[in-house]
Amino acid sequence: MNPSPLSGRTALVTGSTSGLGAGIAVALARAGGHVVVTGRTRTRGQQVVDRIQSSGGSAAFVAVDFSAGAAAVRELASAATRAAGGRLDILVNNVATLIQPAPTADVTDDQITDAFGVSVITPFLLTGLLAPAMAQRGDGAIVNIGSIAGINGAAGSALYGATKASVHLLTKAWAAEYGPSGVRVNAVAPGPIATERNEEFAHGIAPILQRIPSHRMSTVDEVASVVTFLAGPGAGNVHGAIWSIDGGTTAV
Ligand SMILES: NC(=O)c1ccc[n+]([C@@H]2O[C@H](COP(=O)([O-])OP(=O)(O)OC[C@H]3O[C@@H](n4cnc5c(N)ncnc54)[C@H](OP(=O)(O)O)[C@@H]3O)[C@@H](O)[C@H]2O)c1
């Protein structure tokens, strides 16, 4: 197996200062890619860059707050392309607003606007800004981070689930739009992941784990390795797929 399948490739991972995004950034760099790490928190972003560089990888940090809207997305696309040396080959649309479960009637207008703004409009705009250059070169890979919440309906998860179902549909629409130009667009749909944040809520997640055939969360590395595979040459003819990483939840 080629230990550096992404050698010479450049990647942007949104929301990569912590959690799954940081794990994806590390995994892409370990596979040989030059990775642009993004998020609002410069100190945490720099820590991810330091972690990559201390293992011999290549990375840079670009700060962004997607809550600021379309102008912030445009600025990030330009700054990240510069930080990648003028060309981005891989885009991982990972950033999302995580929403605590709540009855639909209790969800506020601001929560709806923020959730769709960060989790749907941001990847929509970013893909529109970066995919055309990939298509022009006839080469590129986009991996969207969905969720089982975008597949199975769950009481209290209407807003989060709707944003993730949108991400799944965008994956298929972009596979149809950009696939003929050599840009592969795919998604992963994880169940609960053992991020630092989820470890804090372990007691709340315990009953959910009982309903999962594997009885456990996925690790960050397990999800990051599938994302890395989808971004690389081993997945050369995989287009428009939404790969479940959920211990069997959506299969049974
Ligand atoms: N955790 C799970 O169990 C799970 C399960 C299924 C799917 N997912 C999906 O996996 C992805 C990552 O989730 P996670 O649990 O790793 O989330 P997380 O730990 O909350 O990380 C979110 C990342 O996004 C950045 N971010 C948040 N709001 C931002 C904004 N307005 N502008 C710029 N950056 C922003 C955060 O960095 P800053 O704070 O530095 O801005 C952080 O790097 C999401 O798409 C989520 O829906 C997660």
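What you see is a predicted model; the values in this text were computed from it and never measured.

Let us look at the packing of aromatic side chains. Taken as a whole and assessed by the stated rule, the structure comprises two aromatic pairs. Ring centres of Phe 229 and Trp 243 lie 6.0 Å apart, and the angle between their planes is 20°; on these two criteria the pair is classed as stacked. Separated by 14 residues along the polypeptide, Phe 229 in helix α8 (residues 220-231) and Trp 243 in strand β7 (residues 242-245) bring together distant segments of the chain. Phe 229 sits in the partly exposed class, given a relative accessible area of 37%.

Attention now goes to the pattern of salt bridges. Inspection of the entire model under this criterion finds four salt bridges. Residue Asp 139 pairs with Arg 9 through a salt bridge whose shortest N-O separation is 2.7 Å. Taken together, the positions of Asp 139 in the loop between α4 (109-137) and β5 (140-145) and Arg 9 in the segment before β1 (10-13) put the pair 130 residues apart, joining distant regions of the chain. The exposure class assigned to Asp 139 is partly exposed, which follows from its relative accessible area of 33%. Among the charged side chains, a salt-bridge network with shared partners connects Arg 87, Asp 89 and Arg 137.

Bringing the pairing of strand β4 (residues 90-93) into the picture now. In summary, the side chains of a regular strand alternate between the two faces of the sheet. Going residue by residue along β4, you find Ile 90 and Val 92 tucked away on one face and Leu 91 and Asn 93 tucked away on the opposite face as well. Alignment of β1 against β4, held across three bridges, turns out to be parallel. Pairing of Leu 12 across the sheet is with Leu 91, part of β4. Judged from the four bridges that link them, β4 and β5 form a sheet pairing that is parallel. If you follow Val 92 over to β5, its bridge partner there is Val 143. Read as a crossover between parallel neighbours, the route from β4 over α4 to β5 is right-handed.

Counting residues in hydrophobic clusters, the biggest one holds 37 residues, and the most contacted among them are Ile 24, Leu 28, Val 37, Ile 52, Val 92, Val 188 and Val 227. Every element with two or more residues in this core is listed here: β1, α1 (19-30), β2 (34-39), α2 (42-54), β3 (58-63), β4, β5 and α8. The dominant element in this core, judged by the number of residues it contributes, is α1, at eight residues. Among the nonpolar cores identified, the runner-up in size contains 27 residues, and Leu 12, Ala 72, Ala 84 and Val 183 belong to it.

Relative to the elements of secondary structure, Thr 171 occurs in helix α5 (residues 158-178). Classification of Thr 171 by relative accessible area gives buried; the value is 0%. Here the side chain of Thr 171 touches Asn 144 through a polar contact of 2.9 Å, side chain to side chain. Side-chain polar atoms of Thr 171 contact the backbone oxygen of Val 167, separated by 2.8 Å. In this structure, Thr 171 is in contact with Asn 144, Val 185, Asn 186, Ala 187, Gly 240, Ala 241 and Ile 242, ignoring residues within four places of it in sequence.

Parameters and conventions
- Residues numbered from 1 in each chain as written.
- Predicted model: local features only at pLDDT ≥ 70, side-chain atom pairs only at ≥ 80, totals over all residues.
- Heavy atoms only, no water.
- Phe/Tyr/Trp six-rings, centres within 6.5 Å; stacked < 30°, edge-to-face > 60°.
- Helix = DSSP H or I, 4+ residues; strand = E, 2+ residues; numbered from the N terminus.
- Buried < 20%, exposed > 50% of the residue type's maximum accessible area, 1.4 Å probe, protein only.
- Salt bridge = Lys/Arg side-chain N within 4 Å of Asp/Glu carboxyl O.
- Pairing = 2+ DSSP bridges.
- Right-handed = clockwise from strand over helix to strand, strands pointing away.
- Core = buried A, V, L, I, M, F, W, Y, C linked by side-chain atoms within 4.5 Å.
- Polar contact = N/O pair within 3.5 Å; in protein donor to acceptor, adjacent residues only side chain to side chain.
- Contact = heavy atoms within 4.5 Å.

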